[in-house]
There are 2 protein chains.
Amino acid sequence: MRDGGSPHKTRKARRAGPTISDVAARCGVAVSTVSRALTMPGRVSEATRQRVVAAADELGYQPNPRARSLLSGRTDTIGLLMPDITNPFFFDVIRGTQAQAAAAGYSLMLVDTEESAEVEARHLARMPKAVDGLILAASRLSDADLEQVASSVPLVALNRGTRGVPTVVIDSADGAVQAVEHLASLGHRKLAYAAGPAGSWSNGRRWRAVYTAARRLGLHAVRLGPFPPTVRAGAAAADAVINTGASAVLAFNDLLAIGMLGRLAERGVDVPGEMSVVGCDDIFGADFCHPALTTLTAPIERAGRVATDMLLDLLGRGTGRSAHREQELLATTLTVRESTGPAPAPTPAPAP
Amino acid sequence: MRDGGSPHKTRKARRAGPTISDVAARCGVAVSTVSRALTMPGRVSEATRQRVVAAADELGYQPNPRARSLLSGRTDTIGLLMPDITNPFFFDVIRGTQAQAAAAGYSLMLVDTEESAEVEARHLARMPKAVDGLILAASRLSDADLEQVASSVPLVALNRGTRGVPTVVIDSADGAVQAVEHLASLGHRKLAYAAGPAGSWSNGRRWRAVYTAARRLGLHAVRLGPFPPTVRAGAAAADAVINTGASAVLAFNDLLAIGMLGRLAERGVDVPGEMSVVGCDDIFGADFCHPALTTLTAPIERAGRVATDMLLDLLGRGTGRSAHREQELLATTLTVRESTGPAPAPTPAPAP
DNA sequence: CAACTTTTGGCAAAGGGTTGCCACCCCAAC
DNA sequence: GTTGGGGTGGCAACCCTTTGCCAAAAGTTG
């Protein structure tokens, strides 16, 4: 039993490729040497390094990221959670995030939390072990839960402000004020706000900004909804607005606004002749819908980039170039297109 | 030196949460028992199981997926590669894929290959170790490379047909024929095809379908381009079409078509009065652009779902419900909206 | 009460790398 | 010739979990 020491190597058909020890065997060095040759260039002699690299190439060796991450703790992956992957707003977030992550050598893991705090929490419990850091877009979590998660895993919140959690928010307040001023200057006296999801933090902020701006300018503002942030829901929102007698409406987001445009056209309400519509976000499509949508242009993709930068900083992999603050505020501006116009001349009473 | 056997446990500050051995220590059993209590319910006594579960809860233990996957070989993650994450077409693919993957308990890893076969290949070399399977949307790889990759990792190609590789393709041929017939019936005699990226497999197929259908119906078809599949490129495409004297144009995709719509409006060319425009895909926005786009409606999201189903089957995790074939063909249909109309009366020569 | 079967739980070996520590070699300096 | 030092490479522990195998405990049967 001279060779009894050799254990049963091929326990299961190894589906994966060659391992580090295959490479080591092939060029007659220890696995540790191979590891070092591949990851710490100065640590071995040039001759050895070349032998190892050659052997690795011949075998087509690729290090196993799972094994590597087990020890190093790093996965080179960041997770992006959002309430609804179906919403074009988040497409731009994905874009910005993916671009910046890829540039830093990170992969992106996508999760749809289905507009539910509970689903979000469930994923959040599993993910920290699978990724290096997280970006939570429009999180539905409570402040307490959010802070708790943030304390145990590097995390950046997007469009969800909370003290103590690194945050980038697209500040619709500026834009909302601009929008209200725009409408006021066009002679509108009564405007409606078509609200988004109740759980949305941005929704609350947006309404507050509209309300105070309207008040300051002597306009009457009413809040409608909540509506789901979808094109379909635009029909209900449009009908609700017509009912209020407002001559202008500011929608929670462009999807809702575009849906309203469709419904208003269907009902023969002229936009902007009889009703002015303002969207929010300036998503893909806002410029070529009919009429082209006046909207608050939000730097969504940039928000994704900035959030990723901040996360990378947190992970110590930042470019260093840009030292971000804990709370990054990105301003919006009003883009005036064709869906807003002068208020219609007041009619004493609507025809029955 | 009685306790000399105990090694230095806390070599590095353990950033991650409690491990299985913490749980084991807490309730006085071996790690193997904890593992079994948590994953093989019948394997330990109910009393033990409860003790373990209680301890795990108290500690907030979450198994480390990396360690788990190292042994099991499974990551419960699938990778989705696409040439350009910026293209709304792929948004729908992402949607369908994410939905189906999530339903089966899989996470989604997103990769943008930047329209480059080389970038794609580079990612492809690293990924197999990090995911269980791959979906390649509109792969730019050569047939040989594609087959080679497919032989070493479970893979489904989307909109990229190759023998020997499981594939789901959205077959624009049917729709293209319908579109040409539609245009022919409206009296058009000459039509242009605004081509997409040269490396795109679908582009070749689409042109061929248009060309043969046109030929059969006695229409004259010219091919323009290639153009990048973007709204911006639509301007150049529109100008090129005007030059040919064609009265109708079929665009490689909706982005291009929508861009053409904008440029044509800018140049005062009436759509559909003077020029009919047909898009392809029916992406978000095709129904509310102006005029609403006549287009080949492609079941993009469903393609993503089917591709995911097929991959899951390959991984042995399929629902079993739906046995897919190796090559799945999804038909398109023409959706007629407002961007197509009767051919204009022929004018002897354009006014100078 | 002995012999046998079934539970139940523990030991230890993977799985594929990384890394602290040590041994060794070669060369220069004393 | 001995000592010291820098450069290389190997050993083995470690990361966390799963799982084959075995032994002890418990239960069953004659």
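Because the structure is a prediction, the values reported are computed rather than measured. (Residues numbered from 1 in each chain as written. Chains lettered and ligands numbered in written order. Predicted model: local features only at pLDDT ≥ 70, side-chain atom pairs only at ≥ 80, totals over all residues. Heavy atoms only, no water.)

Q: Would you take a moment to explain the sheet that holds strand β11 (residues 327-331) of chain A for this structure?
A: Hydrogen bonds along the backbone pair up the strands of a sheet, which may run parallel or antiparallel. Here we have twelve strands laid out as an open sheet, ordered β11(A)-β5(A)-β4(A)-β3(A)-β1(A)-β2(A)-β2(B)-β1(B)-β3(B)-β4(B)-β5(B)-β11(B), and mixed in their pairing. Unpaired on one side and paired on the other, β11 of chain A together with β11 (327-331) of chain B mark the two borders of the sheet. For this sheet, the mean inter-axis angle between neighbouring strands, taken without regard to orientation, is 20 degrees. Contacts between helix α8 (residues 172-185) of chain B and the sheet are confined to β5 (167-171) and β11 of chain B, with β5(B) contributing the most and set at about 5 degrees to the helix. (Pairing = 2+ DSSP bridges. Helix = DSSP H or I, 4+ residues; strand = E, 2+ residues; numbered from the N terminus. Axes fitted to C-alpha atoms, helices over the stretch in contact; angles between N-to-C directions. Contact = heavy atoms within 4.5 Å.)

Q: Could you clarify how one ought to interpret the interface of chain B and chain A in this entry?
A: The parts lose accessible area when they come together, and the size of an interface is often stated as this lost area. Listed by partner, the interface residues are 46 residues for chain B and 44 residues for chain A. Linking chain B with chain A are zero salt bridges. Summed over the shared surface of chain B and chain A, the number is twelve residue pairs in polar contact (both at pLDDT 80 or more). Elements supplying a minimum of two residues to the side of chain B that touches chain A: α4 (65-72), α5 (88-103), β2 (107-112), α6 (117-126) and α11 (254-266) of chain B. Where strand β2 (residues 107-112) of chain A and β2(B) come together, three bridges link them in antiparallel fashion. Residue pairing in the sheet places A:M109 in a bridge with B:M109 of β2(B). (Salt bridge = Lys/Arg side-chain N within 4 Å of Asp/Glu carboxyl O. Polar contact = N/O pair within 3.5 Å; in protein donor to acceptor, adjacent residues only side chain to side chain.)

Q: Before we go on, may I ask you to explain the domain arrangement of chain A in this structure?
A: By the assigned domains, chain A splits into domain 1 (20-72), domain 2 (77-168 + 301-323) and domain 3 (171-299). Each of domain 1 of chain A and domain 3 of chain A has a C-alpha centre, and the two are 60 Å apart. (Domains from an automatic or database assignment.)

Q: I would appreciate a short explanation of the pairing of strand β3 (residues 133-137) of chain B in the present structure.
A: Residue and element names in this part refer to chain B. With five of five residues buried, β3 lies mostly within the body of the structure. Bridging between strand β1 (residues 77-82) and β3 involves four bridges; their strand directions are parallel. From the neighbouring strand, G79 faces β3, where its bridge partner is L134. Across four bridges, the pairing between β3 and strand β4 (residues 155-158) is parallel. Looking at the pairing, L136 lines up with A157 of β4. After leaving β3, the chain enters helix α7 (residues 143-152) and then returns to the sheet as β4, a path that is right-handed. (Buried < 20%, exposed > 50% of the residue type's maximum accessible area, 1.4 Å probe, protein only. Right-handed = clockwise from strand over helix to strand, strands pointing away.)

Q: In this structure, what is going on with the packing of helix α1 (residues 20-27) of chain A against helix α3 (residues 46-59) of chain A? I would like to understand it.
A: The relative placement of two packed helices comes down to the angle between their axes together with the axis-to-axis distance. All names here are of chain A. Taken N-terminus to C-terminus, the directions of α1 and α3 make an angle of 120 degrees; their axes are 9 Å apart at the nearest point. By the criterion of interaxial angle, the relationship of α1 to α3 is oblique. In this structure, the crossing between α1 and α3 has a hand that is right-handed. Across the interface between the two elements, D22, V23, R26 and C27 of α1 pack against R51, V52, A55, A56, E58 and L59 of α3. Within the contact of α1 with α3, the residues separate by chemical class into six nonpolar, no polar and four charged. (Parallel < 35°, antiparallel > 145°, perpendicular 65-115°, else oblique. Left-handed = near helix turned anticlockwise from the far one by under 90°. Nonpolar A, V, L, I, M, F, W, Y, C, P; charged D, E, K, R; others polar.)

Q: What's the story with the sheet that holds strand β12 (residues 333-335) of chain B in this structure? I'm lost.
A: Residues and elements named next belong to chain B. Spatial strand order, β7-β6-β8-β9-β10-β12: six strands in an open sheet with mixed pairing. Of all the strands in the sheet, just β7 (220-224) and β12 have a single pairing partner and so form its edges. Averaged over all adjacent pairs, the angle separating strand axes in this sheet is 25 degrees, with direction ignored. Bridge count between strand β8 (residues 248-251) and strand β9 (residues 276-281): three bridges; the pairing is parallel. When the sheet's bridge partners are listed, A248 is paired in β9 with S276.

Q: Would you mind going over the protein's contact with DNA strand C with me for this structure?
A: Taken together, 32 residues form the shell around DNA strand C, and within it A:I20, B:T33, B:R36, B:R43 and B:T48 come nearest. What you see for DNA strand C is that sugar and phosphate hold 52% of its atoms within 4 Å of the protein. Contact distances for DNA strand C include 2.8 Å between a sugar or linking oxygen and a side-chain N or O atom of A:Y61. Listing elements by their share of the surface near DNA strand C, those giving two or more residues are α2 (31-39) and α4 (65-72) of chain A together with α2 (31-39) and α4 of chain B. Broken down by class, the residue content of the surface near DNA strand C amounts to 13 nonpolar, eleven polar and eight charged. (Near = heavy atom within 4 Å.)

Q: I keep staring at helix α8 (residues 172-185) of chain A and nothing clicks. Help me out?
A: The α-helix winds at 3.6 residues per turn, so residues separated by three or four positions along the chain end up facing the same way. Residues and elements named next belong to chain A. Compared with an ideal rise of 1.5 Å per residue, which puts 14 residues at 20 Å, α8 spans 20 Å between its outermost C-alpha atoms and is within 8% of the ideal. Listed in full, the buried residues belonging to α8 are S172, G175, A176, A179, V180, H182, L183 and A184. You can read the cap of α8 off the contacts: a side-chain oxygen lies 3.1 Å from the backbone nitrogen of A173, and it is on D171. Positioned one or two residues after α8, G187 has a phi angle of 95 degrees, which is positive. (Expected span 1.5 Å × (residues − 1).)

Q: When you look at unusual backbone geometry in this model, what are you seeing that I'm missing?
A: For residues that are not glycine, phi is negative in most cases, and the peptide bond is trans in most cases. In this chain, A:V271 is followed by A:P272 through a cis amide linkage whose omega measures 10 degrees. On the secondary structure map, A:P272 appears in the loop between α11 (254-266) and β9 (276-281). If you check the backbone angles, A:A138 has positive phi at about 50 degrees while not being a glycine. Following the sequence through the fold, A:A138 ends up in the loop between β3 (133-137) and α7 (143-152). Phi at B:E114 is positive, roughly 55 degrees, even though this residue is not glycine. Of note, B:E114 is situated in the loop between β2 and α6.

Q: What is the right way to look at the environment of A:N64 in this model?
A: Inspection of the secondary structure assignment puts A:N64 in the loop between α3 and α4. Between the alpha carbons of A:N64 and A:A257 there is a distance of 48 Å; along the sequence they are 193 residues apart. Beyond its immediate stretch of four places on either side in the chain, A:N64 contacts B:L70 and B:K129. A distance of 2.8 Å separates the side chain of A:N64 from the backbone nitrogen of A:R66, its partner in a polar contact.

Q: Would you mind showing me how to read the pairing of strand β10 (residues 294-297) of chain A here?
A: Residues in a regular strand point their side chains to alternate faces of the sheet. Looking at chain direction, β9(A) and β10(A) are connected through four bridges and run parallel. Its bridge partner being in β10(A), A:D281 is matched across the sheet by A:T297.

Q: What's the story with the nonpolar core in this structure? I'm lost.
A: Looking at soluble globular proteins, one finds that nonpolar side chains tend to be buried together. Core analysis: the biggest nonpolar cluster contains 96 residues, and A:V277 and B:V277 have the highest contact counts within it. Residues in contact with B:V277, not counting those within four places in the same chain, are B:V249, B:A257, B:L261, B:L264, B:V271, B:L293, B:T294, B:S339 and B:T340. Within the second largest apolar cluster, 62 residues are counted, among which are B:Y106, B:L110, B:I135 and B:L312. (Core = buried A, V, L, I, M, F, W, Y, C linked by side-chain atoms within 4.5 Å.)

Q: Please clarify how the protein's contact with DNA strand D should be interpreted in this entry.
A: Taken together, 29 residues are adjacent to DNA strand D, and A:T33, A:R36, A:R43, A:T48 and B:I20 come closest. When the atoms of DNA strand D within 4 Å of the protein are sorted by group, sugar and phosphate make up 58%. Note that a base oxygen of DNA strand D is positioned 2.6 Å from one of the side-chain N or O atoms of A:R36. B:R68 places a polar side-chain atom, nitrogen or oxygen, 3.1 Å from a phosphate oxygen of DNA strand D. Elements with a contribution of two residues or more to the surface near DNA strand D: α2 and α4 of chain A together with α2 and α4 of chain B.

Q: Help me understand the relation of the copies chain B and chain A, please; the structure alone is not making it clear to me.
A: Of the transformation placing chain B onto chain A, the axial shift is 0.1 Å and the rotation is 180 degrees, giving an RMSD of 0.2 Å. In the structure described here, the two chain copies are related by an operation that fits a two-fold rotation axis. Looking at the interface residues of chain B, 93% of them are also at the interface in chain A, so both copies use one shared face. (Least-squares fit on C-alpha atoms with pLDDT ≥ 70 in both.)

Q: Explanation requested: the side chain of B:N87 in the structure shown.
A: Residues and elements named next belong to chain B. Assignment of secondary structure puts N87 in the loop between β1 and α5. Residue class for N87 comes out buried when judged on its relative accessible area of 7%. Not counting residues up to four positions away in its chain, the partners in contact with N87 are P229, N253 and L255.

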